[in-house]
Amino acid sequence: MELRQIETFLKVVELGSFSRAAERLGYTQSAVTMQIKQLEREVGARLFDRMPRGARLTDQGRAFAFHAREAIAALERAAASVRIPDADADQLVGTLRIGSVESVATALLPTLLARFHERHPRVELIVSTARLERLAEGVLDNTLDVLLTMDRKLSIARLERTVLREEPIVFAASLQMAQQIGPVRIDELAGLPLVLTERGESYRHELECLLAECDEQLHPVVETGNTETLVHLAEQGVGIAFLPRFSVAHSLRRKSLVELACDIEPISMWIQAFTHEAKPVSRAMAAFMEMLRVHFEYTE
């Protein structure tokens, strides 16, 4: 079914005549007749009764006309959504769908989104948070344009990776708790009050692996996927947080948290962005990826 067939059909409906529709559209009458016959074959129904003085819609034709008008209107709305005045021809338009793990979404994305929106106000930004596996599926099935995560350097089939920055993972606690506990020792870690991300989170997994070598297991006071909640719990003295430094940077600056020294080998993760290797890169995607590289002082 072709768009021109639907447009021709609606013009015949409007004018009530094959010949008048042909004249208005600049076709021969035989061309209009052929288009309508092709359309009728494709939909499997007779759309017009041919009358001596014109064409009259059948019941099936009236039903088809209703939906045909809706389809044309939807196409016009789609075109209008990306059409901008000549004076704004350089402005980016469209939608950018970003998927992010919770820690990056909470601590880093607000600044990035505000900066991008300031530069490209006509781009609609849609953000989703989930576990890495779910986000990767979103990029693969084209429900997401960009995936942001923090993990060991990853390779995901059919996704193109951009490594943005290495980020240390730190222990942070309220000043009072820090004074009570002192430096964190790996042989004492299992007995400390900890507020941690959920099992399976990249940096918690690394910490659990270190303890497993000492035949120890973590027993957190609280575990939650929301890193902002963990920061607040640590500030209130509920426990020690183990989070990316960017997640606690604001609290460290205002001294509501302090970073704890520890005898554990430093753990770092990499902030990474993924896009589909076969997906055409829109101007909005390209602009967002370039902004990420600049913001994180991109080095591969």
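Residues numbered from 1 in each chain as written. Predicted model: local features only at pLDDT ≥ 70, side-chain atom pairs only at ≥ 80, totals over all residues. Heavy atoms only, no water.

Basically, it comes down to this: UniProt positions are given in the numbering used here, feature names are shortened, and annotations may be inferred rather than shown by experiment.
Under an unreviewed UniProt entry, the name given to the chain is LysR family transcriptional regulator, and the organism recorded is Collinsella ihumii. Here is the UniProt Sequence similarities (unreviewed entry) comment for the chain, exactly as written: "Belongs to the LysR transcriptional regulatory family."

**Observations regarding the overall build of the chain**
Convention followed: Helix and strand definitions here come from DSSP, where helices need a minimum of 4 consecutive H or I residues and strands a minimum of 2 consecutive E residues; each element is numbered from the N-terminal end. As defined in this context, the radius of gyration uses C-alpha atoms, and a globule is described by 2.2 Å times the residue total to the power 0.38. Accessibility here uses a 1.4 Å probe with only protein chains present; expressed as a share of the type maximum, an area under 20% marks a residue as buried, one over 50% as exposed, and anything in between as partly exposed. Any two residues having at least one pair of non-hydrogen atoms within 4.5 Å are treated as being in contact. Asp and Glu are treated as the negative residues and Lys and Arg as the positive ones, with His and the ends of the chain left uncounted. Every charge is mapped onto a representative atom, which is NZ of Lys, CZ of Arg, CG of Asp or CD of Glu.
Each helix and strand counted, the chain has 12 helices and 11 strands in total. On C-alpha atoms alone, the chain measures out to a radius of gyration of 30 Å, which is more than a quarter above the 19 Å that the 2.2 N^0.38 rule sets for 300 residues. In terms of overall dimensions, the chain has a C-alpha envelope of 100 × 45 × 35 Å along the principal axes. In the chain, which comprises 300 residues, the share counted as buried stands at 43%. Within the chain, contacts between residues separated by at least 24 positions form 73% of all contacts whose residues are at least 6 apart in sequence. Taking the 35 positively charged and 43 negatively charged side chains of the chain as two groups, their mean positions are separated by 12 Å.

**Comments concerning unusual backbone geometry**
Glycine aside, residues mostly have negative phi angles, and peptide bonds mostly take the trans form. Notably, Arg158 is not glycine yet its phi reads approximately 70°, a positive angle. With respect to the helices and strands, Arg158 occurs in the loop between strand E5 (146–151) and strand E6 (159–173).

**Topic: the nonpolar core**
Put simply, the rule reads: To qualify as a nonpolar core, a set must consist of buried Ala, Val, Leu, Ile, Met, Phe, Trp, Tyr and Cys residues joined through side-chain atoms within 4.5 Å.
Of all hydrophobic cores here, the largest spans 70 residues; its most connected members are Leu148, Phe171, Leu189, Phe288 and Leu292. Among all residues touching Phe171, those that are not within four sequence positions of it are Val184, Leu189, Leu207, Ile240, Ala241, Phe242, Val258, Glu259, Leu260, Cys262 and Ile264. Val12, Val13, Ala21 and Phe48 belong to the second largest nonpolar core, which has 19 residues in total.

**Side note on the pattern of salt bridges**
Filter applied, for reference: The salt bridge definition used is simple: a Lys or Arg side-chain nitrogen within 4 Å of an Asp or Glu carboxyl oxygen.
Enumeration according to the criterion identifies 17 salt bridges in this entry. Salt-bridge contacts for Arg97 lead to Asp145; the nearest nitrogen and oxygen are separated by 2.8 Å. In this pair, Arg97 sits in strand E3 (residues 94–100) while Asp145 sits in the loop between helix H7 (132–140) and E5, placing the two residues 48 residues apart along the sequence. Ionic pairing is found between Glu208 and Arg204, a salt bridge with its closest N-O pair at 3.1 Å. Within this pair, Glu208 and its partner Arg204 are both found in helix H9 (residues 202–212), separated by four residues, close to a single helical turn. An identical accessibility class is assigned to Glu208 and Arg204; each is buried. Residues joined by salt bridges that share partners form a network here, namely Arg199, Arg204, Glu208 and Glu223.

**What about the packing of aromatic side chains?**
Convention followed: Only rings of Phe, Tyr and Trp enter the pairing, Trp through its six-membered ring, and a pair is recorded when the two centres are within 6.5 Å. The plane angle decides the type: under 30 degrees is stacked, over 60 is edge-to-face, the rest tilted.
The full count for this structure, using the stated rule, is five aromatic pairs. Aromatic pair Phe9 and Phe48: ring centres 5.3 Å apart, planes at 50°, arrangement tilted. On the criterion of sequence distance, the pair formed by Phe9 in helix H1 (residues 3–15) and Phe48 in strand E1 (residues 48–51) is long-range, its members being 39 residues apart. Of the two residues, Phe9 and Phe48, neither departs from the other in class, the shared state being buried.

**Some points on the layout of surface pockets**
For clarity, the cut-off: Lining residues are those with an atom within 4 Å of a point, where the points come from a 1 Å grid over the protein atoms alone and group into cavities, where a 1.4 Å probe fits but cannot get out, or pockets, open sets with protein on both sides within 12 Å along at least five of seven lines. Grid points are joined across faces, edges and corners, and a volume is the space filled by probe spheres set on the points.
Of the pockets and cavities examined, the largest pocket occupies roughly 310 Å³. In terms of lining, the largest pocket is formed by 17 residues, of which the most central are Val101, Ala130, Arg131, Leu132 and Glu201. Only H7 and E5 provide two or more residues apiece to the lining of the largest pocket. Of all the elements, E5 adds the most residues to the lining of the largest pocket, at three residues. Empty space within the second largest pocket amounts to approximately 210 Å³. For the second largest pocket, the lining is made up of 13 residues, of which Phe246, Ser247, Ala249, His250 and Ser251 are closest to its centre. Listed by contribution, the elements that provide at least two residues to the lining of the second largest pocket are helix H10 (227–235) and helix H11 (245–253).

**Quick word on the side chain of Asp151**
Among the structural elements, Asp151 can be located in strand E5. Discounting residues that sit within four places of it in the chain, Asp151 has contacts with Leu132, Ser202, Met269, Trp270 and Gln272.

**Examining H1**
The cut-off we apply is this: In this analysis, the expected span of each helix is defined as 1.5 Å times one less than the number of residues it contains.
Under the 1.5 Å per step criterion, the end-to-end length of H1 is 18 Å for 13 residues, consistent within 8% with the ideal 18 Å. For H1, the set of buried residues is Gln5, Ile6, Thr8, Phe9, Leu10, Lys11, Val12, Val13 and Leu15. Of the residues flanking the end of H1, it is Gly16, one or two places downstream, whose phi is positive at about 70°.

**Some details on the environment of Phe48**
With relative accessibility at 1%, the residue Phe48 sits in the buried group. Along the backbone, Phe48 and Lys37 are 11 residues apart, and their C-alpha atoms lie at a distance of 9.8 Å. Once you skip the residues sitting within four places of it in the chain, Phe48 turns out to touch Phe9, Val12, Val13, Phe18, Ile36, Glu40, Ala55, Arg56, Leu57 and Thr58.

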